[in-house]
Amino acid sequence: MKGIKIVFWILWRIWFYILMAIPILIMLPFLLASIITESGYPYFFKMARIWAKFILFGMGFYYKIEREQKLEKHKSYMIVANHTSMTDIMLTLAIIKNPFVFVGKKELVKIPLFGFFYKRTCILVDRSSSKSKNEVFKRAQSRLNQGLSICIFPEGGVPDDESILLDEFKDGAFRLAIEHQIPIVPIVYADNKERFSYTFLSGSPGTMRGKIFSFIDTKGLTSENRKELRDQVRQLIYKGLLQFKKKDQKEIA
């Protein structure tokens, strides 16, 4: 039985990368045309949302999102969420209609096809380089000035220890939100680690639950409020994760 599960996991993981490639190949001419200029990004974003939903449904993932507040059209936001899986990228694209740009780690550039577009449309950060971090802020500011939103996973990456419910947050997202006086959109993903973690022999099709909390206003805040804001958002997401866990425990009981 265990051998059958291992074969399933291997084939299922391979299928994930096939699903990543199929819509890219189908839409390739349009994707290439949309990244020639920065003004074409909203069109690229629409295709990215199709790509994300194609992968989620192709993997047998069905998302169920509770929303306390909806994003307004033509308004910039700072989107932040807990980070436990590569599918966090797809799910965020699927549930947020406002065009936004990811700030993400440069390692994902190595993924064939996906990496090509990831490098040219996302803001990449080398967390070991202070120069890279400064460049991130410049590029993010440029995108915000274009009326786009920014999405950052403030944990700075997926924790190596999967027993960690929520890692400590970095300051970057909150510094940018304060500098541009834009609302923060806190999101909690409850099941992405269980559905598709970075542990190779793990995961399964099923529901992906999430919650978009009421937005946190940054008007009037200054850089002195950055850490307080960071801790406020982290606590909100942490409590959201605990609430999902309590709900699961009640259903089991």
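Let me begin by describing the structure that accompanies this report.

Calculation criteria
Residues numbered from 1 in each chain as written. Predicted model: local features only at pLDDT ≥ 70, side-chain atom pairs only at ≥ 80, totals over all residues. Heavy atoms only, no water. Phe/Tyr/Trp six-rings, centres within 6.5 Å; stacked < 30°, edge-to-face > 60°. Helix = DSSP H or I, 4+ residues; strand = E, 2+ residues; numbered from the N terminus. Buried < 20%, exposed > 50% of the residue type's maximum accessible area, 1.4 Å probe, protein only. Patch = residues over 30% accessible without salt bridge, like charges linked within 9 Å, V, L, I, M, F, W, Y side chains within 5 Å. Areas by Shrake-Rupley, 256 points an atom, 1.4 Å probe, with all protein chains shown as cover. Salt bridge = Lys/Arg side-chain N within 4 Å of Asp/Glu carboxyl O. Lys, Arg positive; Asp, Glu negative; His and termini not counted. Charge placed at Lys NZ, Arg CZ, Asp CG, Glu CD. Contact = heavy atoms within 4.5 Å. Polar contact = N/O pair within 3.5 Å; in protein donor to acceptor, adjacent residues only side chain to side chain. Pairing = 2+ DSSP bridges. Axes fitted to C-alpha atoms, helices over the stretch in contact; angles between N-to-C directions.

Some remarks on the packing of aromatic side chains
What characterises a pair of aromatic rings is the spacing of the ring centres plus the angle enclosed by the ring planes. Overall, the coordinates contain 18 aromatic pairs when judged by the stated rule. Here the aromatic rings of Phe16 and Phe196 are separated by 4.4 Å at their centres, their planes lie at 35°, and the arrangement is tilted. Of this pair, Phe16 sits in helix H1 (residues 2-26) while Phe196 is found in the loop between helix H8 (192-195) and strand S7 (206-212), placing the two residues 180 residues apart along the sequence. One exposure class covers both Phe16 and Phe196, and it is buried.

Comments concerning a positive patch on the surface
A cluster of basic residues, Arg67, Lys70, Lys73 and Lys97, forms a positive patch at the surface. Relative to the assigned elements, Lys73 resides in the loop between strand S1 (61-67) and strand S2 (78-81). Look at Lys73 and you get exposed, because its relative accessible area is 71%.

Let's talk about the environment of Arg49
Summarising the element assignment, Arg49 is placed in helix H3 (residues 41-58). When its relative accessible area of 15% is taken as the criterion, Arg49 is described as buried. For the pair formed by Arg49 and Met90, sequence separation is 41 residues and the distance between their alpha carbons is 7.7 Å. Setting aside chain neighbours within four positions, we find Arg49 in contact with Leu93, Ala94, Ile95, Ile96 and Lys97. A distance of 2.8 Å separates the side chain of Arg49 from the backbone oxygen of Leu93, its partner in a polar contact.

Describing the side chain of Arg143
Mapping Arg143 onto the fold places it in helix H6 (residues 130-145). Glu38 provides the closest opposite charge to the buried, unpaired Arg143, separated from it by 4.4 Å. Look past the residues within four positions of Arg143 in its chain and what remains in contact with it is Glu38, Tyr41, Val101, Thr121, Ile123, Leu148 and Ile150.

A short note on the pairing of strand S5 (residues 149-152)
Covered by surrounding structure in S5 are Ser149 and Cys151 together with Ile150 and Ile152, the residues of both alternating faces. Bridging between strand S3 (residues 100-105) and S5 involves four bridges; their strand directions are parallel. Each bridged residue has a counterpart across the sheet, and for Val101 the counterpart in S5 is Ile150.

Side note on the sheet that holds strand S6 (residues 184-189)
Reading across from one edge, S1-S7-S6-S2-S5-S3-S4 is the order of the seven strands in this open sheet, with mixed pairing throughout. A single partner strand is all that each edge strand has here, and the edge strands are S1 and strand S4 (123-125). The mean inter-strand angle of the sheet, taken between neighbouring strand axes irrespective of direction, is 25°. Pairing analysis gives three bridges linking S2 to S5, with the strands arranged parallel. Counted as the bridge partner of Ile79 is Cys151 from S5. Relative to the sheet, H3 contacts S1, S3 and S7, its axis offset from that of S1 by approximately 120°.

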